[in-house]
Amino acid sequence: MQHDLPKLSISPVEALIITLILLGGISYAIIFSGVVPHVPIVLAVICLLVYGLIKRVPIKDLEAGLVDGAKSGLGAVFIFFFIGMLISSWMASGTIPTFIFMALEVVDGKFFYAIAFVVCSIIGLSVGSSLTTAATIGVAFMSVCSALGLSEVITAGAIISGAFFGDKMSPLSDTTSLASMIVKVDIFEHIKNMTWTTGPAFVLSLILFAILSPSEASASFEMINTLKAQLLKLEFVHWYSLIPFILLTFLAIKKVSAIITLSASVVAALAISFFVQNDMSVEKMMNLLFFGFKSDTGVEEIDSLLTRGGMESMMFSISLVLLALSMGGLLFKLGILPALLEGIKGLLSKQSSLISATAGTAIGINFLLGEQYLSILLTGNAFQESYDKAGLERKNLSRVLEDAGTVINPLVPWSVCGVFLTGVLGVATIDYLPFTFFCLLSPILTVGFGLTGFTITKSAKAAA
């Protein structure tokens, strides 16, 4: 964030009290009242405005704090819009359905948990949504698990691990985009840097699920076969549907800017969609980009899986980003964030303690608020200047935000993800938690790398 100097100088104790009151109120509203996070954040902003007026801070300075905070999220807003268009265009072009079909082709009775993990990972990467993956293919795997007479808790752990691997590493994911944009790191550079921790976590998880999997199993795969048959019937599966993905990958490797890369892939997908969709027109294409792709096959699992994307689908995330960043701007302007950092600056003087503190904060906000977006937003806002002062590249921060923020939310029973996953998979959060190997390993690895300095990138200025 770009800010002027804070208008107040307060003690760390006062800042801590204010923060606990605000976060306590927000967490109560989200967890116990079940409201969307937007409203309690707005109320928190009002409380901060009243606090500032009591402290005799001019209203124009308070408004400037709100605007400064929101400005820092404009980059994320544009990326979110392009991601929404990318998802809907990839649906229409058959890119995502082709990926889903390819993943379902490998499903077998052998090594069931490992296959469930890998397939959900691939589909999570393709769709960019952990919850969508779990609610569609995940439910299919739970049905197959019951038919095979296998463990439901291990299956749920494999599904969630794979889904959140995809959510974390997909350029289509809003949390991936959010983590990169909040600290001003190119999204593809962010994903590339995450492979250092995500790769080992994926491999270790795969090994553990393979060990736990039965060597032989047989049962009816009717649901999965139905999904494959429907995708073929809809004529969504084509080799040329992969061209938008290949183009996106090529441009990302060449380090072309995210906006240009996403735009090129959207244009390619729209061109292909005229060959895949029999009724595609310019008018339908325009509506597709804004409202998203709508599947109307009559098969609930297919429609739920393919009805995705569009600029409109990003409005929830965009509005939450702007509101949370505005609150962050006020927290800085009123001297609350600087006072908190001043109170723990002794912990932030070393690289290892800085990364551990970042991970602990992201995890703590997940448990306190039950909201993964806020764990990324608030933690990213609070620590980015500390990383600059420590001479660390900000991509280290964005990686920790995902390793200890994104993947922790499904492990919290009262969180948005925890409640949703328990509902759709039929397994209690506390039961599947020990088997979500990927989600458990990610924060351990990121803190471990921070302690050893392995894969931690120094800024050019610090390296010199």
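Here is a short report on the structure shown in this document. Bear in mind that the values here come from a model prediction, so they are computed numbers and not experimental data.

### Things to note about the overall build of the protein
Part 1: Looking only at helices and strands, one finds 24 helices and zero strands in the protein.
Part 2: The C-alpha atoms of the protein give a radius of gyration of 22 Å, which matches the 23 Å a tight globule of 464 residues would have.
Part 3: With the C-alpha coordinates of the protein rotated into their principal frame, the extents come out at 65 × 50 × 50 Å.
Part 4: Classification of the 464 residues of the protein by burial places 57% in the buried group.
Part 5: The long-range fraction of contacts in the protein, counting pairs at least 24 apart against all pairs at least 6 apart in sequence, stands at 78%.
Part 6: Averaging the coordinates of the 25 positive side-chain charges in the protein and doing the same for the 30 negative ones gives two points 13 Å apart.

### So, helix α6 (residues 112–127)
Note on helix geometry: an α-helix contains 3.6 residues per turn, so any two residues three or four positions apart are oriented the same way.
Part 1: For α6, which comprises 16 residues, the first-to-last C-alpha distance of 22 Å matches the rise-based estimate of 22 Å (1.5 Å per residue) to within 8%.
Part 2: Here α6 lies mainly inside the structure; 13 of its 16 residues are buried.
Part 3: G128 sits one or two residues past α6 and shows a positive phi near 80°.

### Things to note about the packing of helix α16 (residues 315–333) against helix α17 (residues 336–343)
Part 1: In contact at an axis separation of 4 Å, α16 and α17 are set at 70° when each is read in the N-to-C sense. Taken together, α16 and α17 sit at an angle that is classed as roughly perpendicular. Note on element contacts: α17 touches α16 through I336, L337 and P338, opposite G328, L331 and F332.
Part 2: Residue classes in the contact of α16 with α17 are distributed as five nonpolar, one polar and no charged.

### Looking at the pattern of salt bridges
Part 1: Tallied over the full model, the rule gives five salt bridges.
Part 2: In this structure, K55 engages E14 in a salt bridge whose closest nitrogen and oxygen atoms are separated by 3.3 Å. On the criterion of sequence distance, the pair formed by K55 in the loop between α2 (38–54) and α3 (59–71) and E14 in helix α1 (residues 12–31) is long-range, its members being 41 residues apart.
Part 3: Accessibility expressed as a relative area gives 25% for E14, which makes it partly exposed.
Part 4: Between D388 and R394 there is a salt bridge whose closest N-O contact spans 2.5 Å.
Part 5: Using a relative accessible area of 39% as the deciding quantity, one classes D388 as partly exposed.

### Things to note about the packing of aromatic side chains
Given two aromatic rings, one states the distance between the centres and the angle between the planes to describe the pair.
Part 1: For the coordinates displayed, the defined rule picks out 13 aromatic pairs.
Part 2: Measuring from centroid to centroid gives 5.6 Å for F165 and F438, while their planes differ by 80°, and the two rings are edge-to-face. Separated by 273 residues along the polypeptide, F165 in helix α8 (residues 152–169) and F438 in helix α23 (residues 437–452) bring together distant segments of the chain. When sorted by exposure, F165 lands in the same class as F438, which is buried.
Part 3: A network of ring pairs unites the aromatic residues F117, F165, F202, F209, F435, F437 and F438 as a single cluster.

The rules we used
Residues numbered from 1 in each chain as written. Predicted model: local features only at pLDDT ≥ 70, side-chain atom pairs only at ≥ 80, totals over all residues. Heavy atoms only, no water. Helix = DSSP H or I, 4+ residues; strand = E, 2+ residues; numbered from the N terminus. Rg over C-alpha atoms; globule rule 2.2 N^0.38 Å. Buried < 20%, exposed > 50% of the residue type's maximum accessible area, 1.4 Å probe, protein only. Contact = heavy atoms within 4.5 Å. Lys, Arg positive; Asp, Glu negative; His and termini not counted. Charge placed at Lys NZ, Arg CZ, Asp CG, Glu CD. Expected span 1.5 Å × (residues − 1). Axes fitted to C-alpha atoms, helices over the stretch in contact; angles between N-to-C directions. Parallel < 35°, antiparallel > 145°, perpendicular 65-115°, else oblique. Nonpolar A, V, L, I, M, F, W, Y, C, P; charged D, E, K, R; others polar. Salt bridge = Lys/Arg side-chain N within 4 Å of Asp/Glu carboxyl O. Phe/Tyr/Trp six-rings, centres within 6.5 Å; stacked < 30°, edge-to-face > 60°.

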